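# Observations on the three-dimensional arrangement
Take a look at the letters that make up each chain.
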Amino acid sequence: MPTSTDLHIMADTRPIGVFDSGIGGLTVASAIMKRLPGEHLLYFGDTAHLPYGDKSPELITRYSLGITRFLMSHHVKAIVIACNTASSLGGKAVEAFVGNEIPVINVIDPTVRYVNKHYTVGKVGLIATKATVKSGIYSRKLHELNPAMPVEEVATPLLAPMIEEGFFDNNISKTIINSYLSNRRLKPVKKLILGCTHYPLILPEIERFYQGKVEIVDSAFQVAEALAAALEERNWLNTEQTKGRRTFYVSDFTESFQKSARLFFGNKLQLQQIDLWKDL
Ligand code: DGL
């Protein structure tokens, strides 16, 4: 049985690196903070380049690798790609770059495993950015586990920029959300996967549309679980009994990012702006 001194020596205090194009990944970071409150987090929001959802696979890969290099230069012990678009298009390149050194957790695999485990009957719907839907990654991965599962993917490109601008819970967001969800292809859907990490911020509006008749899958919690398991397996958890430090970087300062980040992480939060691409 290790003593408290041993535990202190064993504590792995390296931060966890988390990134997204903007505020969406904060929904994942917040789930990580709840699941692993003692871990230090280093968050990067690529606000200068959002939305990722209408960019080419090459550009998304380039941005994802640039951020990965930055996070690794801060000696992170894991990378969480808290963005479905970056996970779909840049995930493989990030994994190849990182190698076996540290775990890379994307947001798609834990979601797909969760949906498959809880699937019974009916159509599974997915809403996501254009780039994620075009990649077809969700259908492909779900069908690898269950070829008979009916899956319908619908691109909802206005949602992430709308949310990033802090534009939700009003008449305009209601009209846009209702118009997307009324898409014939999403009828009748039994489960709806939120295939973009920005969308949990409009969860109440989506729930209002479906009035409890559809299960909405927000995978932030599953992602946090997958991260905890990967760290536990390596014995890399921070066993210090203190509250983790949270550091936030953005590639371009925006009021809306600061406002949303403070909603999740408190008013003391300070954003640091850094241009990772100035020398490229
Ligand atoms: N939050 C991101 C995702 O999960 C992308 C939003 C965007 O930048 O288009 O796909």
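Report follows, based on the coordinates. (Residues numbered from 1 in each chain as written. Predicted model: local features only at pLDDT ≥ 70, side-chain atom pairs only at ≥ 80, totals over all residues. Heavy atoms only, no water.)

## Considerations on unusual backbone geometry
Put simply, Leu50 and Pro51 share a cis peptide bond, and its omega is 0 degrees. By the element assignment, Pro51 lies in the loop between β2 (41-45) and α3 (57-73). Residue Pro188 is bonded to the preceding Lys187 through a cis peptide linkage, with omega at -10 degrees. Looking at the element boundaries, Pro188 is found in the loop between α9 (171-181) and β7 (189-194). Phi at His75 takes a positive value of approximately 55 degrees, unusual for a residue other than glycine. Among the secondary structure elements, His75 is positioned in the loop between α3 and β3 (78-81). Its identity as a non-glycine residue notwithstanding, Gln211 has a phi of 50 degrees, on the positive side. With respect to the element layout, Gln211 can be found in the loop between α10 (203-210) and β8 (215-217). (Helix = DSSP H or I, 4+ residues; strand = E, 2+ residues; numbered from the N terminus.)

## Quick look at the packing of α9 against α10
Two elements in contact, α9 and α10, have axes separated by 10 Å at closest approach and are oriented at 55 degrees. Judged by the inter-axis angle, α9 sits oblique to α10. Crossing hand, α9 versus α10: right-handed. Counting all contacts with α9, which are made through Ser173, Lys174, Ile177, Asn178 and Leu181, the residues of α10 involved are Glu205, Ile206, Phe209 and Tyr210. For the contact of α9 with α10, the class distribution of residues is 5 nonpolar, 2 polar and 2 charged. (Axes fitted to C-alpha atoms, helices over the stretch in contact; angles between N-to-C directions. Parallel < 35°, antiparallel > 145°, perpendicular 65-115°, else oblique. Left-handed = near helix turned anticlockwise from the far one by under 90°. Contact = heavy atoms within 4.5 Å. Nonpolar A, V, L, I, M, F, W, Y, C, P; charged D, E, K, R; others polar.)

## Brief notes about the sheet that holds β8
Strand order in the open sheet formed by 4 strands is β6-β5-β7-β8, with parallel pairing between adjacent strands. Lying at the two open borders of the sheet, with one neighbouring strand each, are β6 (151-155) and β8. The average undirected angle you get between the axes of adjacent strands in this sheet is 25 degrees. Where strand β5 (residues 123-128) and β7 come together, 5 bridges link them in parallel fashion. Its bridge partner lying in β7, Gly125 is registered against Leu192. Strand contacts of helix α7 (residues 137-145): β5, β6 and β7, with the helix running at about 165 degrees to β6, the strand carrying the most contacts. Each of β5, β7 and β8 touches α10; the most contacted strand, β7, lies at about 170 degrees to it. (Pairing = 2+ DSSP bridges.)

Purely geometric numbers; function is a separate question.
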